[in-house]
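# Structure assessment
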Amino acid sequence: MTREQRLARTALLMSPAQMERLAHAHVMLLGLGGVGGHAAEALARGGVGKMTIVDHDTVSPSNLNRQQYWPRHVGRPKVEALAELLLELNPKMGVEARRMRLDQSNMAEVLPTCPIWVEAFDGPDDKTLLVETALLGGYRIASASGMGGWGGKAMGKRYLGN
């Protein structure tokens, strides 16, 4: 199957120039659980040309009810399992898998390699550190909080620049 066949429906919504821009886009996903894994799949299906995926965790049986993984992935690093799935969807996409926990000590090495970030961390401290780093560095970032719980404050939108 050709790229054009795979993306025929997407091409109905975008101009040829937009499709070309998407094919050359490089997105970094940080955290590959319920939000990050689904975002990665959607971007791969949509035609993003290159993706860097970052997570330190392994697939556990409890992930199977809400994340992108299959029973064959249990016990494997999430970055390896997801890279396999992404390349199955889009064999020509560039995928760089980094199995690591992102923190203050290694952020400067990893983050500048990509212009667009999708933050999908579980912990509020990790989220805060990454979003603050993005905003101070002028990077583009998509971030969400409060997706996994219920009974709390309703979600809303805030735009903080990039």
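Quick look at the structure, then. (Residues numbered from 1 in each chain as written. Predicted model: local features only at pLDDT ≥ 70, side-chain atom pairs only at ≥ 80, totals over all residues. Heavy atoms only, no water.)

## Here's the deal with the pairing of strand E3 (residues 94-99)
- Pairing of strand E2 (residues 50-55) with E3, which is carried by 6 bridges, proceeds in the parallel orientation. Across the sheet, the residue bridging to Lys50 is Gly94, located in E3.
- Between the parallel elements E2 and E3, the chain passes through helix H5 (residues 78-89) in a crossover that is right-handed. (Pairing = 2+ DSSP bridges. Helix = DSSP H or I, 4+ residues; strand = E, 2+ residues; numbered from the N terminus. Right-handed = clockwise from strand over helix to strand, strands pointing away.)

## Some words on the packing of aromatic side chains
- Counted under the stated rule, the structure contains 1 aromatic pair.
- Centre to centre, the rings of Trp117 and Tyr139 are 4.4 Å apart; their planes meet at 20 degrees, and the pair counts as stacked. Of this pair, Trp117 sits in strand E4 (residues 116-119) while Tyr139 sits in the loop between helix H7 (124-137) and strand E5 (140-143); the two residues are 22 residues apart in sequence, bridging distant segments of the chain.
- Given a relative accessible area of 0%, Trp117 falls into the buried group. (Phe/Tyr/Trp six-rings, centres within 6.5 Å; stacked < 30°, edge-to-face > 60°. Buried < 20%, exposed > 50% of the residue type's maximum accessible area, 1.4 Å probe, protein only.)

## Focus on the packing of helix H4 (residues 34-46) against H5
- As a packed pair, H4 and H5 sit with axes 9 Å apart at the nearest point and diverge in direction by 25 degrees. Relative to H5, the element H4 is oriented roughly parallel. Crossing angle aside, the handedness with which H4 passes H5 is right-handed. Packed against H4, whose contacting residues are Gly37, Ala40, Glu41, Ala44 and Arg45, the element H5 presents Leu82, Leu86 and Leu89 at the interface.
- Among the residues making up the contact of H4 with H5, the classes are represented as 5 nonpolar, 1 polar and 2 charged. (Axes fitted to C-alpha atoms, helices over the stretch in contact; angles between N-to-C directions. Parallel < 35°, antiparallel > 145°, perpendicular 65-115°, else oblique. Left-handed = near helix turned anticlockwise from the far one by under 90°. Contact = heavy atoms within 4.5 Å. Nonpolar A, V, L, I, M, F, W, Y, C, P; charged D, E, K, R; others polar.)

## Concerning the pattern of salt bridges
- The full count for this structure, using the stated rule, is 9 salt bridges.
- Here Arg98 makes a salt bridge to Glu109, at a shortest N to O gap of 3.8 Å. Residue Arg98 is located in strand E3, and its partner Glu109 is located in helix H6 (residues 107-110); the two are separated by 11 residues in the primary sequence.
- The exposure class of Arg98 is buried, given its relative accessible area of 19%.
- Overall, Glu109 belongs to the exposed group, its relative accessible area being 55%.
- Taking the shortest distance from any N to any O, the salt bridge between Glu119 and Lys127 comes out at 2.8 Å.
- Assessed through its relative accessible area of 12%, Lys127 is described here as buried. (Salt bridge = Lys/Arg side-chain N within 4 Å of Asp/Glu carboxyl O.)

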